[in-house]
Amino acid sequence: MNVVFAVKQYIAKMIEESGTGMKVLLMDKETTSIVSMVYTQSEILQKEVYLFERIDSANRENMKHLKAICFLRPTKENVDYLIQELRRPKYSTYFIYFSNVISKSNVKSLAEADEQEVVAEVQEFYGDYIAVNPHVFSLNISVCCQGHSWDQAQLSRTTQGLTALLLSLKKCPMIRYQLSSEPAKRLAECVKQVITKEYELFDFRRTEVPPLLLLLDRSDDAITPLLNQWTYQAMVHELLGINNNRIDLSRVPGISKDLREVVLSAENDEFYANNMYLNFAEIGSNIKNLMEDFQRRKPKEQQKLESIADMKAFVENYPQFKKMSGTVSKHVTVVGELSRLVSERNLLETSEVEQELACQNDHSSALQNIRRLLQNPKVSELDATRLVMLYALHYERHSSNSLPGLMTELRNRGVSEKHRKLVSAVVEYGGKRVRGSDLFNSKDAVAITKQFLKGLKGVENVYTQHQPLLHETLDQLIKGKLKDNQYPYLGPSTLRDRPQDIIVFMIGGATYEEALTVYNLNRTTPGVRIVLGGTTIHNTKSFLEEVSASGFRGRGADSSQGPARAASRRLN
């Protein structure tokens, strides 16, 4: 179950089916992102695709010597653009591929518009999602709900994205959903409806153990997207932001022109592929090792690399090194900027207190530590607010709850009302009243024993103690212990055997910390393959934006509280 491979395979097949000769790839806004996540422009150029155009671009030239490969979402808007295109074709032949199921009436409209008979092919290729990592996908939906109910347009888009994902992986799953979440139940029903309606498409060879689709709601764990991160991919997204593999470095002090925007893609960057799940300290030393290897080959120019600053200076002073390895100069810049932000924002100390708030139950220690950090001018407005949010979520019903006092301290510190209001908005979004799970107080014997043993050993890394709730949910699922009364099956059937192929989808957005959890479970659990998807991939900033845009405005700020070939369908 490799989502990157599935989308790549579709695109390669489109280009292959159009035959030899020069081609243009005609896309829409969304399919442009879908393609750019799995192929670089230079890789596609090697396949005789010399031009990349948007279907909605009005100024395209007539180029009758080119064949057109159209890869489009099956929206009304795109069908209308195609009808206009076919009435006055700019290219010699059209190979049309829709990223999802298209209605017969739309196919008929296209056929009627094709008076010049330029259409050679119309097919459905189900690459209707963003393949982020081999085991992670997103739908790039920044706000999916209003309150705790679906926005109808986003429910429709999510249903399409999920059913396309299932078709591309050739899975017809049993469905389980989080009972405490109305959106999870609604999405389960919509996906089931499509599977029933398009039963011929989902008629895959039966496996001994059917695949499982598990639908979860972000509001059950609002802690994970609020934490600072210390593994490479997650940390880059938290501090710099990853948007379709692109990182904007334009605000980095003294940045060179060619590094203002960089691409981090495990498909085309070996260093990133090998380091994306490692912690920050290891990455720094791995870059150092790479550079020292190069220096060993140039003994005259030996110099010691003791710090990130030394490494940056080294890269800037050796143009031939920069040319030989743009990859390394990119990562030195990114790690250098991460290092600067960690120091500037006092993130080591802040993160340690965040982890204490997420993982431990010592109220007085937590309160003391938050108050200390709120007095520290280096702690940013966002970091100060998130500490109070974590406190508000964890100690919501504690007998000594001191949230009003902390809110006053935020105000005295000059934190904006917008940020202060978000504290109660987050509790409204993911507080105890909403959650279906026990996020902080796992009181079963196993959990208590684990905590006790952890205490005896001491924590290996204080910055990465936290495990997302998803870890426990998947662990229970794999062991066959996930409770049916909390995560019921849709329909009468249940799974008797331990699941093997699991697709887990997070309404309200997944995180890269959860992607790491799934990566580790895949690595350490033989016979189990898990793919994680979300309406989006959140960092703290985007998560808080979604909470606010979903209508959780908060009260007055100072009150408390080995992959199979993917499916496709020919339509002409």
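Residues numbered from 1 in each chain as written. Predicted model: local features only at pLDDT ≥ 70, side-chain atom pairs only at ≥ 80, totals over all residues. Heavy atoms only, no water.

**Q** Is there a simple way to explain the environment of leucine 169 in this structure?
**A** Relative to the helices and strands, leucine 169 resides in the loop between helix H6 (152-168) and strand S10 (174-177). In this structure leucine 169 comes out as buried when scored by relative accessible area, which is 9%. Along the backbone, leucine 169 and asparagine 2 are 167 residues apart, and their C-alpha atoms lie at a distance of 7.8 Å. If we ignore the near neighbours within four places in the chain, the residues touching leucine 169 are Met1, Asn2, Val3, Ala6 and Val531. (Helix = DSSP H or I, 4+ residues; strand = E, 2+ residues; numbered from the N terminus. Buried < 20%, exposed > 50% of the residue type's maximum accessible area, 1.4 Å probe, protein only. Contact = heavy atoms within 4.5 Å.)

**Q** Can you help me understand the pairing of strand S16 (residues 529-534) in this one?
**A** It is a general feature of regular strands that their side chains alternate between the two faces of the sheet. Summarising burial for S16: five of the six residues are buried, a large majority. With three bridges connecting them, strand S7 (residues 136-138) and S16 associate as parallel partners. Residue pairing for S16: phenylalanine 137 is matched across the bridge by glycine 533. Judged from the six bridges that link them, strand S14 (residues 501-507) and S16 form a sheet pairing that is parallel. (Pairing = 2+ DSSP bridges.)

**Q** What exactly am I supposed to notice about the confidence of the model for the protein chain here?
**A** Detailed reading of predicted coordinates is not advised where the pLDDT is low. Counting all residues, the mean pLDDT for the protein chain is 87, and 89% of those residues have values of 70 or more. Below pLDDT 50 for its whole length, residues 443-459 participates in six contacts with residues either more than four positions away or in separate chains. Contacts of residues 557-563 to residues separated by more than four positions or lying in other chains number 19 contacts, the stretch itself having pLDDT below 50. (pLDDT = per-residue confidence, 0-100.)

**Q** Is there a simple way to think about the pairing of strand S1 (residues 23-27) in this case?
**A** When you tally the buried positions in S1, you get five out of five residues, the bulk of the element. Alternating positions in S1 separate into two faces, Lys23, Leu25 and Met27 on one and Val24 and Leu26 on the other, with burial throughout. Looking at chain direction, S1 and strand S3 (residues 67-72) are connected through five bridges and run parallel. Looking at the pairing, lysine 23 lines up with lysine 67 of S3. In the sheet, S1 pairs with strand S2 (residues 49-54) via five bridges, with the strands oriented parallel. Residue pairing in the sheet places methionine 27 in a bridge with arginine 54 of S2.

**Q** Would you mind going over the layout of surface pockets with me for this structure?
**A** Any empty space left between the atoms is revealed when a probe the size of a water molecule rolls over them. Within this model, the second largest pocket holds a volume of roughly 1,100 Å³. Forming the walls of the second largest pocket are 40 residues, and the residues nearest its centre are His237, Leu240, Gly241, Asn539 and Lys541. At the level of elements, strand S6 (130-133), helix H8 (232-239), strand S12 (246-248), helix H13 (326-344), helix H16 (381-394), strand S17 (537-538) and helix H22 (540-549) are the ones that each hand at least two residues to the lining of the second largest pocket. Per-element tally for the lining of the second largest pocket: the top contributor is H22, with five residues. Grouping the constituent residues of the lining of the second largest pocket by class yields 14 nonpolar, 14 polar and 12 charged. (1 Å grid on protein atoms, 1.4 Å probe; cavity = no way out; pocket = protein on both sides within 12 Å on 5 of 7 lines; lining within 4 Å. Points joined across faces, edges and corners; volume = space filled by probe spheres on them. Nonpolar A, V, L, I, M, F, W, Y, C, P; charged D, E, K, R; others polar.)

**Q** Got a minute to help me understand the side chain of serine 181 in this structure?
**A** Inspection of the secondary structure puts serine 181 in the loop between S10 and helix H7 (182-197). Here aspartate 217 takes part through its side chain, which lies 2.7 Å from a polar atom of the side chain of serine 181. (Polar contact = N/O pair within 3.5 Å; in protein donor to acceptor, adjacent residues only side chain to side chain.)

**Q** Can you help me understand the packing of H8 against H13 in this one?
**A** The description of two packed helices rests on the angle between their axes and on the distance between the axes. Here H8 crosses H13 at 65°, and the two axes come no closer than 11 Å. The two elements H8 and H13 meet at a crossing, and its hand is left-handed. When H8 is examined against H13, the residues Tyr232, Met235, Val236 and Leu239 are found in contact with a partner set consisting of His331, Val334, Val335, Leu338, Leu341 and Val342. Split into classes, the residues belonging to the contact of H8 with H13 amount to nine nonpolar, one polar and no charged. (Axes fitted to C-alpha atoms, helices over the stretch in contact; angles between N-to-C directions. Left-handed = near helix turned anticlockwise from the far one by under 90°.)

**Q** What is the right way to look at the packing of H6 against H7 in this model?
**A** Taken N-terminus to C-terminus, the directions of H6 and H7 make an angle of 55°; their axes are 9 Å apart at the nearest point. Considering their axes alone, H6 and H7 lie oblique with respect to each other. At the point where H6 passes H7, the crossing takes the right-handed sense. Contact residues: Gln152, Leu155, Thr158, Thr159, Leu162, Thr163 and Leu166 in H6; Arg186, Leu187, Cys190, Val191, Val194 and Ile195 in H7. (Parallel < 35°, antiparallel > 145°, perpendicular 65-115°, else oblique.)

**Q** Please explain the packing of aromatic side chains as it appears in this structure.
**A** Centre distance and the angle of the planes are the two values used to describe a pair of aromatic rings. For the coordinates displayed, the defined rule picks out 12 aromatic pairs. Ring geometry for tyrosine 429 and phenylalanine 543: centres 5.5 Å apart, planes at 75°, overall edge-to-face. With tyrosine 429 in helix H18 (residues 417-430) and phenylalanine 543 in helix H22, this pair connects stretches of sequence that are 114 residues apart. Taking relative accessible area as the criterion, tyrosine 429 reaches 8% and is therefore assigned buried. For phenylalanine 543, a relative accessible area of 1% gives the class buried. Aromatic side chains tyrosine 429 and phenylalanine 552 sit 5.5 Å apart centroid to centroid with 85° between the ring planes, which places their arrangement in the edge-to-face category. Here the residue tyrosine 429 occupies a position in helix H18, and phenylalanine 552 occupies one in the loop between H22 and strand S18 (568-570), the gap between them amounting to 123 residues. Connected via pairs of aromatic rings, a cluster forms that spans Tyr10, Tyr97 and Phe125. (Phe/Tyr/Trp six-rings, centres within 6.5 Å; stacked < 30°, edge-to-face > 60°.)

**Q** How should I be thinking about a nonpolar patch on the surface in this particular structure?
**A** A cluster of nonpolar residues, Met22, Leu45 and Tyr50, forms a patch on the protein surface that exposes about 270 Å² of accessible area. Structurally, tyrosine 50 is set in strand S2. (Patch = residues over 30% accessible without salt bridge, like charges linked within 9 Å, V, L, I, M, F, W, Y side chains within 5 Å. Areas by Shrake-Rupley, 256 points an atom, 1.4 Å probe, with all protein chains shown as cover. Salt bridge = Lys/Arg side-chain N within 4 Å of Asp/Glu carboxyl O.)

**Q** Looking at this structure, how should I read the nonpolar core?
**A** Most often, soluble globular proteins keep nonpolar side chains buried together rather than apart. In terms of nonpolar packing, the biggest core is built from 117 residues, with Leu215 and Leu474 touching the most fellow members. Sorting elements by how many residues they give to this core places helix H1 (residues 3-17) first, with eight residues. If near-sequence neighbours (up to four positions away) are discounted, leucine 215 is found in contact with Leu162, Ile175, Arg176, Tyr177, Gln178, Ala184, Leu187, Ala188 and Phe505. (Core = buried A, V, L, I, M, F, W, Y, C linked by side-chain atoms within 4.5 Å.)

**Q** Explanation requested: the sheet that holds strand S11 (residues 212-217) in the structure shown.
**A** The pairing of strands in a sheet comes from backbone hydrogen bonds and takes either a parallel or an antiparallel form. Strands sit in the order S6-S7-S16-S14-S11-S10 across an open sheet of six strands; the sheet is mixed. If you trace the sheet from one side to the other, it starts and ends with S6 and S10, each paired once. Looking at each pair of strands side by side, their axes are set apart by 25° on average, direction ignored. One ladder, built from six bridges, connects S11 with S14; its direction is parallel. Of the residues in S14, the one forming a bridge with aspartate 217 is isoleucine 507. The strands that helix H21 (residues 512-524) touches are S6, S7, S14 and S16; relative to S16, the one it contacts most, it runs at about 170°.

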